[in-house]
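Descriptive analysis of the structure
So you can see what is in the structure, the chains are spelled out below.
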Amino acid sequence: MAVKAAKVNLYAWEGLDRKGTKLSGEMAGQNPALVKAQLRKQGINPGKVRKKTASFLRRGKKIKPMDIALFTRQMATMMRAGVPLLQSFDIIADGVENPNLRKLVEEVKQEVAAGNSFASSLRKHPKYFDDLYCNLVDAGEQAGALETLLDRVATYKEKTEILKAKIKKAMTYPIAVILVAIVVSGILLIKVVPQFQSIFEGFGAELPAFTLMVMGLSTFVQDWYLAIICLGIAAVFVFKNAYQRSAKMRDALDRFVLKIPIVGQILYKSAVARFARTLSTTFAAGVPLVEALDSVAGAAGNSVFKAAVLRIKQDVSTGMQLNYSMRSTAIFPSLAIQMTAIGEESGALDDMLDRVATIYEAEVDNMVDSLTSLMEPMIMAVLGVLVGGLVIAMYLPIFQLGNVV
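Remember, predicted model here, so these are calculated numbers, not experimental data.

Another aspect to go through is the side chain of serine 88. By the element assignment, serine 88 lies in helix α4 (residues 85-95). The buried category is assigned to serine 88, whose relative accessible area is 0%. A distance of 3.5 Å separates a polar atom in the side chain of serine 88 from the backbone oxygen of valine 83.

In this model, helix α5 (residues 99-113) (15 residues) spans 21 Å end to end at C-alpha, consistent with the 21 Å of a helix rising 1.5 Å per residue. If you check which residues of α5 are buried, you get Pro99, Leu101, Arg102, Leu104, Val105, Val108 and Val112. Two residues or fewer past α5, glycine 115 is found with a positive phi of approximately 110°.

This part covers the packing of helix α3 (residues 65-80) against helix α8 (residues 146-200). One way to put it is that α3 packs onto α8 with a least axis distance of 8 Å and a crossing angle of 155°. The angle between α3 and α8 falls in the class roughly antiparallel. In this structure, the crossing between α3 and α8 has a hand that is left-handed. On the side of α3, the interface is formed by Pro65, Met66, Ile68, Ala69, Thr72, Arg73, Met75, Ala76, Met79 and Arg80, while α8 contributes Leu146, Glu147, Thr148, Leu150, Asp151, Val153, Ala154, Thr155, Lys157, Glu158, Glu161 and Ile162. In the contact of α3 with α8, the residues fall into 12 nonpolar, three polar and seven charged.

A separate point is the environment of asparagine 116. Take asparagine 116: it is sitting in the loop between α5 and α6 (118-123). The residues contacting asparagine 116, other than those within four sequence positions of it, are Glu111, Ser121 and Lys124. Among the polar contacts listed, one links the side chain of asparagine 116 to the side chain of glutamate 111, at a separation of 2.9 Å.

Tallying each qualifying case throughout the model produces six aromatic pairs. Relative to phenylalanine 118, the ring of phenylalanine 89 lies with its centre 5.6 Å away and its plane at 80°, an arrangement referred to as edge-to-face. With a gap of 29 residues between them, phenylalanine 89 in helix α4 and phenylalanine 118 in helix α6 connect regions that are remote in the sequence. Relative accessible area serves as the criterion here: at 0%, phenylalanine 89 is assigned to the buried category. For phenylalanine 118, a relative accessible area of 1% corresponds to the buried category. Seen from their ring centres, phenylalanine 305 and phenylalanine 332 are 5.7 Å apart, and the 85° between their planes marks the pair as edge-to-face. Linking phenylalanine 305 in helix α13 (residues 303-317) with phenylalanine 332 in the loop between α14 (322-329) and α15 (334-346), this pair joins segments that are 27 residues apart in sequence. Here phenylalanine 305 falls in the buried class, since its relative accessible area comes to 2%. Residue phenylalanine 332 is classed as buried on the basis of its relative accessible area, which comes to 6%.

Any residue range with low pLDDT should be treated as having predicted coordinates unsuitable for detailed reading. Of all residues in the protein chain, 93% attain a pLDDT of 70 or more, and the chain-wide mean is 80. Mean pLDDT across the elements of the protein chain bottoms out in helix α2 (residues 55-60) (45) and peaks in α15 (90). Long-range and interchain partners of residues 1-5, a stretch whose pLDDT sits below 50, account for zero contacts in this model, where long-range means more than four residues apart. Low pLDDT, under 50, characterises residues 54-58; the stretch is placed with three contacts to residues that sit more than four places away or in other chains.

Our focus in this paragraph is the pattern of salt bridges. Counted by the stated rule, this structure contains nine salt bridges. Here lysine 124 and glutamate 111 are joined by a salt bridge, their closest N and O atoms 2.7 Å apart. A residue pair is termed long-range when its members are at least 10 positions apart, and lysine 124 in the loop between α6 and α7 (131-143) and glutamate 111 in helix α5 qualify at 13 residues. Assessed through its relative accessible area of 49%, lysine 124 is described here as partly exposed. Overall, glutamate 111 belongs to the partly exposed group, its relative accessible area being 23%. Residue arginine 277 is joined to aspartate 354 by a salt bridge in which the shortest nitrogen-to-oxygen separation is 2.5 Å. Of this pair, arginine 277 sits in helix α11 (residues 263-284) while aspartate 354 sits in helix α16 (residues 349-404), placing them 77 residues apart in sequence. Judged by relative accessible area, aspartate 354 falls into the partly exposed class, the value being 29%.

Rules and cut-offs
- Residues numbered from 1 in each chain as written.
- Predicted model: local features only at pLDDT ≥ 70, side-chain atom pairs only at ≥ 80, totals over all residues.
- Heavy atoms only, no water.
- Helix = DSSP H or I, 4+ residues; strand = E, 2+ residues; numbered from the N terminus.
- Buried < 20%, exposed > 50% of the residue type's maximum accessible area, 1.4 Å probe, protein only.
- Polar contact = N/O pair within 3.5 Å; in protein donor to acceptor, adjacent residues only side chain to side chain.
- Expected span 1.5 Å × (residues − 1).
- Axes fitted to C-alpha atoms, helices over the stretch in contact; angles between N-to-C directions.
- Parallel < 35°, antiparallel > 145°, perpendicular 65-115°, else oblique.
- Left-handed = near helix turned anticlockwise from the far one by under 90°.
- Contact = heavy atoms within 4.5 Å.
- Nonpolar A, V, L, I, M, F, W, Y, C, P; charged D, E, K, R; others polar.
- Phe/Tyr/Trp six-rings, centres within 6.5 Å; stacked < 30°, edge-to-face > 60°.
- pLDDT = per-residue confidence, 0-100.
- Salt bridge = Lys/Arg side-chain N within 4 Å of Asp/Glu carboxyl O.

Here it is as structure tokens:
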């Protein structure tokens with residue numbers, strides 16, 4: 001019986017020679033233990049030995065915002081435990097499965113090891129670390145409380161991404177089902193209805209109006225389905241480009257989505273929660289209120305709220321209290337305004353804003369669950385009308401023929 005050969009992989013290694021000089025390289029082996037043993041035979045004291053991933057896999061796996069949130073949480077935990085900053089980078093990089101994220105962590109570590117501050121090292125990667133993130137880390141470094149600020153940033157990122165995921169869930173589910181319904185209806189019109197049409201031609205009797213309408217629609221779709229698909233793709237492409245280039249279109253769309261029943265309320269309350277969460281995090285980090293409002297405007301996620309925050313910034317810079325300025329915009333709910341007023345009077349603005357964020361995040365969570373429960377029967381009804389209507393249209397002539405007989 002033939003013995004199956006053990007699989008050989010390529011490993012990247014780092015180690016020290018007998019003089020203590022740091023070395024690195026690549027070696028083929030069956031597992032990390034055998035690679036380390038081979039290195040010791042060569043007089044090298046091995047440190048890290050990591051299996052290399054195929055290049056196409058490394059390119060394909062993107063760094064997601066939740067990956068950055070996890071990195072921040074791990075850094076906060078390491079710093080709070082007293083682990084030195086550079087060693088924290090090494091520990092996190094060793095445990096990261098995403099090659100791109102590991103590369104990012106190692107690049108930040110190299111910048112810090114070269115003498116740059118943590119915040120300035122992060123600023124060299126604006127795609128993953130925005131101004132708000134870098135400013136908070138900078139404030140933590142200057143105040144000598146980096147672990148505390150990293151913990152706050154981690155909490156902010158986690159809650160923000162969880163909120164985004166809930167909203168995406170509420171939007172994605174009905175859209176996906178509607179697309180499936182369109183595809184199924186298209187298949188029925190192109191493939192199934194013509195079969196019935198050939199049968200009906202031999203009836204020699206007048207067909208019901210509903211059946212004739214469906215057959216006409218089927219003929220139209222058969223003749224123009226390629227044009228319809230191309231037109232749909234082109235419409236999506238044009239809309240995407242127009243949205244990216246036209247500020248007026250973005251503003252109009254942001255105003256429109258807030259007026260959509262149920263969905264608009266979810267987006268509105270999520271924007272309020274994001275405003276409170278961002279302002280609470282920046283203000284608690286010691287950032288002056290006027291400067292903090294700049295970060296809040298950048299993270300608003302909706303042009304209506306961004307314009308309101310910029311107006312609040314102007315009012316606050318002239319000496320107006322935050323809660324009065326929020327009330328003058330006619331955008332924010334009374335609960336958020338009242339809790340902000342209490343926070344300003346008691347000197348605990350960051351704590352009260354954090355509570356506002358928690359309240360509205362919980363409301364968004366409940367509304368998303370309710371929307372999902374409400375959408376399920378509605379979507380089933382839509383599917384029933386689309387698919388069931390086509391089936392009934394095809395069977396109506398058969399039913400009528402049975403009545404005549």
